[in-house]
Amino acid sequence: MTVPARIQERADALRELLHHHAHQYYVLDAPELPDAEYDKLFCELQALEEQHPELLTPDSPTQRVGGRVLEGFAKVRHRVPMLSIRTETDIEPSGARNFDARVRRELGLKEGDAPVEYVAELKFDGLALSLRYEGGVLVQAATRGDGEVGEEVTQNIRTVGQIPLRLRDAPAVLEVRGEVFMRRDDFERLNELQREKIAKGAKNEKTFVNPRNAAAGAVRQLDPGIARQRPLSFFAYGWGEIVDGPAFETHHEVLMALKAWGFPVAERIAVARGADDLVAYHQAVGRERDALPYDIDGVVYKVNSLALQKRLGFVTREPRWAVAHKYPAQEQLTTVESIDVYVGRTGKLTPVARLQPVFVGGVTVTNATLHNEDEARRKDVRVGDTVIVRRAGDVIPEVVAVVPDKRPPGSQVFTMPRICPVCGSAAVREEGEADYRCTGGLFCSAQRKHAILHFAQRRALDIEGLGEKLVDQMVEAGVIRTLPDLYRLGLANLVALERMGEKSAQNVLAALGKSKRTTLPRFLYGLGIRHVGESTARDLARHFGNLDAIMEASVERLLEVPDVGPIVAESVHAFFQQPHNREVIEQLRVPNGVQWEEGMPAVQAPKPLAGRTVVLTGTLPTLSREEAKEMLEAAGAKVAGSVSKKTDYVVAGAEAGSKLDKARELGVTVLDEEGLRGLLAG
Ligand code: 5U1
């Protein structure tokens, strides 16, 4: 049967592409595609070759695993080939069920027969490695290469602390197979160091795209001194040649022996019976995936019985007794449609890449922040670029890297505008700061909108129904320019807005009315002073007691507030020094405006009982004599032992004696405990 020309051409094109990308990845350590994209092309070619075996050529990338051996490393022929693993990308549960059905069919099992026992493991996103021990000593470490011949990387692997150099009670010869990888925290630290080196002008240094890329770079590093600085980890999951070893019956027994010999074996392994257990494992690990300290791209299922593994055998270089069941990719390719600059509440300018929508990490991503000018420049993201976008867990999507080969001609380096894109005011970057800020303040409609939304939010003035769309409309229509304008709104202003009926308008007015009764911490937080979050607002309110005291406080006085440092103190002081901010506050505090209970300052409280003399007598219901005395003295009163004409108050409790009589005689005001509390509260 002849293969249609269209299919022949597609297979040729796929081979070319895969050769190119394998070379970029394995030989040059400069990947141009996310792994998932490469896998997709690989699977497409594999499927074509399965449908049309005539297409198969000995040099097809599907006939070898990995890339060419680097010239710089010695070649190692594996005594036992390093096998590859078949991949199931089907969304669970069919991936696990397909595998179980295949295994049962190959073993000739019938419907009523017992479930097959499997071991389920994590599929680490690293680099496969073979470690050879002779007489219990590590003599060689090799990469997989093409599965037959790999690269000798013993020097570099010796630097991996997790890999034992000497084993206890091990067989005469033991080849251990596993994955070398980089933990996420190690990867972040490494990239941080790389960034520092680049900032100091180091040539030939680069940051790494992902932990896998960093691990591959470290293993293939020709200079073991540099390899040592790249923190790698290792998990063992299989074996090659074993001479004079114990007789094992199951894969699980081997894993336990590897552990006993001193190799790290991932904790998250499970013995599973039948497809249901595999499905449950895939689901459970899927939920835990983002919390793991390292990247995995799937799970692996293996038939547990070694005798059954033998019976099942291989197809090409893939065992029939194992499968890798992948998860949705956390990285995808897309293109940058534009780079917009977003203006935040504090005037901060943030470049945002608007992306061709792409499904990644379980959601459709359309934007990714580029953080600031330095970050955008470091990644050199340009309009029209093809980029790798990553989203893992709840983390905000990010542009990991640009694919340089796909850059369209004539693209321009991104530069941060020197004027605010919303209001046209100057945008400045202060020394030592990473961000540009619009200097327009509340003149800038973007800042105004954010300021109003911040003021209205639940944790501030809590103005129900005042959402983004409404604020946008009101600011655009010029109905609101400053915060006090909110409280000047009338029904007519609101109903004039698009899609605003009379009932909704009334609801907004009612919510505004309700919001006027608030608390000082909420009001302070709502003002949106830079560096003043909810907790600082509470601290300031508690310390000073009232707004006027805060507004008049010097930086030194502000620094007396617990947890307030120089940056916050400067920011609060600068805010209240601005005449337009004071004006806004004045206008909000008009009669029938925003109001709250003002308290007494905790520090330097005025003494409401200064100059007064009080006498205590009898037993008060809850306060001890000492407590009452302390409270009175804190309020400025003098506590005397006897009643005279000069006594202002006598506080009398149970069994008060002659002092109470004397007070009555002299017409001195007598109070009980409740009266005392009222006096102290002013
Ligand atoms: N955990 C694990 N990962 N992994 C990768 N086991 C495992 N086994 C593999 C591969 C390539 O291959 C064997 C099934 C030969």
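Our structure is the block above this text.
Residues numbered from 1 in each chain as written. Predicted model: local features only at pLDDT ≥ 70, side-chain atom pairs only at ≥ 80, totals over all residues. Heavy atoms only, no water.

Visitor: Please clarify how the site of the ligand should be interpreted in this entry.
Guide: By nearness alone, every residue bordering the ligand is listed as Leu 83, Ile 85, Glu 121, Leu 122, Arg 144, Tyr 237, Val 300, Lys 302 and Ala 322. Leu 122 has a polar backbone atom sitting 2.9 Å from a nitrogen atom of the ligand. Within the side chain of Lys 302, one N or O atom sits 2.8 Å away from a nitrogen atom of the ligand. Relative to its free-state accessible area of 380 Å², the ligand is covered by the protein chains to the extent of 90%. For the shell around the ligand, the secondary structure elements donating two or more residues are β3 (117–124) and β10 (296–303). A per-class count over the shell around the ligand returns 6 nonpolar, no polar and 3 charged. (Near = heavy atom within 4 Å. Polar contact = N/O pair within 3.5 Å; in protein donor to acceptor, adjacent residues only side chain to side chain. Areas by Shrake-Rupley, 256 points an atom, 1.4 Å probe, with all protein chains shown as cover. Helix = DSSP H or I, 4+ residues; strand = E, 2+ residues; numbered from the N terminus. Nonpolar A, V, L, I, M, F, W, Y, C, P; charged D, E, K, R; others polar.)

Visitor: I would appreciate a short explanation of the sheet that holds strand β4 (residues 127–134) in the present structure.
Guide: Note on sheets: strands pair through backbone hydrogen bonds, and any given pair is parallel or antiparallel. The 4 strands are arranged β5-β4-β7-β8 in an open sheet whose pairing can be described as antiparallel. Edge positions in the sheet fall to β5 (137–143) and β8 (233–243), since each of these pairs with one other strand and no more. When the angles between neighbouring strand axes are averaged without regard to direction, this sheet yields 25°. Strand direction decides the pairing type here: β4 and β5, joined by 6 bridges, are antiparallel. Within the sheet, the bridge partner assigned to Glu 134 lies in β5 and is Val 137. Together, β4, β5 and β7 (173–181) form the strand contacts of helix α6 (residues 211–219), whose direction differs from that of β7 by roughly 135°. Packed onto the sheet, helix α8 (residues 251–261) meets β7 and β8 and runs at close to 110° relative to β8. (Pairing = 2+ DSSP bridges. Axes fitted to C-alpha atoms, helices over the stretch in contact; angles between N-to-C directions. Contact = heavy atoms within 4.5 Å.)

This is a description of form; function is not addressed.
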